[in-house]
Amino acid sequence: MLYYSLVFLVVALIAAALGFGGIAGASVGIAKILFFIFIALFIISLVFGGFRRT
């Protein structure tokens, strides 16, 4: 999931450099959403993964 977030971020940077503002904005929005989902799932896996090991 972090990979897709980085892919959308790169797409947004390229689109912004070429002047496609709408595509760049949409790609940044998707990248932000995927990044926050990744962070939430990572924290959840740390919390629940820690309980399983004990």
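Rules of the game
Residues numbered from 1 in each chain as written. Predicted model: local features only at pLDDT ≥ 70, side-chain atom pairs only at ≥ 80, totals over all residues. Heavy atoms only, no water. Helix = DSSP H or I, 4+ residues; strand = E, 2+ residues; numbered from the N terminus. Areas by Shrake-Rupley, 256 points an atom, 1.4 Å probe, with all protein chains shown as cover. Contact = heavy atoms within 4.5 Å. Phe/Tyr/Trp six-rings, centres within 6.5 Å; stacked < 30°, edge-to-face > 60°. Buried < 20%, exposed > 50% of the residue type's maximum accessible area, 1.4 Å probe, protein only. Expected span 1.5 Å × (residues − 1). Arc of directions from axis to C-beta.

*Asks:* Explain the overall build of the protein chain to me, please; I cannot follow it from the model alone.
*Replies:* In terms of helices and strands, the protein chain carries two helices and zero strands. Accessible area of the protein chain: about 4,200 Å², with a carbon and sulfur share of 81%.

*Asks:* Help me understand the environment of alanine 31, please; the structure alone is not making it clear to me.
*Replies:* Topologically, alanine 31 is positioned in helix 2 (residues 21-53). Considering only alpha carbons, one finds alanine 31 and tyrosine 4, 27 residues apart in sequence, at a separation of 7.5 Å. Among residues more than four places away in sequence, those in contact with alanine 31 are Ser5, Phe8 and Leu9.

*Asks:* Can you walk me through the packing of aromatic side chains in this structure?
*Replies:* Both the distance between ring centres and the angle between the ring planes are used here to describe each pair of aromatic rings. Across all of its chains, the model carries three aromatic pairs by this definition. Centre to centre, the rings of tyrosine 3 and tyrosine 4 are 5.6 Å apart; their planes meet at 65°, and the pair counts as edge-to-face. Across the pair, tyrosine 4 and tyrosine 3 agree in class, each one exposed.

*Asks:* Looking at this structure, how should I read helix 1 (residues 2-18)?
*Replies:* In an α-helix, one full turn covers 3.6 residues, which means residues spaced three or four apart are oriented alike. Across its 17 residues, helix 1 extends 25 Å between first and last C-alpha, which sits within 8% of the 24 Å expected from 1.5 Å per residue. Buried residues of helix 1: Ser5, Ala12 and Ala15, and no others. Around the axis of helix 1, the buried residues are gathered within 90° of arc, so they sit on the same side. Relative to its buried face, helix 1 has exposed residues pointing more than 90 degrees away, namely Tyr3, Leu13, Ala17 and Leu18.

*Asks:* I would appreciate a short explanation of the environment of alanine 12 in the present structure.
*Replies:* In this fold, alanine 12 is placed in helix 1. Considered as a pair, alanine 12 and isoleucine 23 are 11 residues apart in the sequence and their alpha carbons are 6.9 Å apart. Other than its neighbours up to four places away in sequence, alanine 12 contacts Ala24, Ser27 and Val28.

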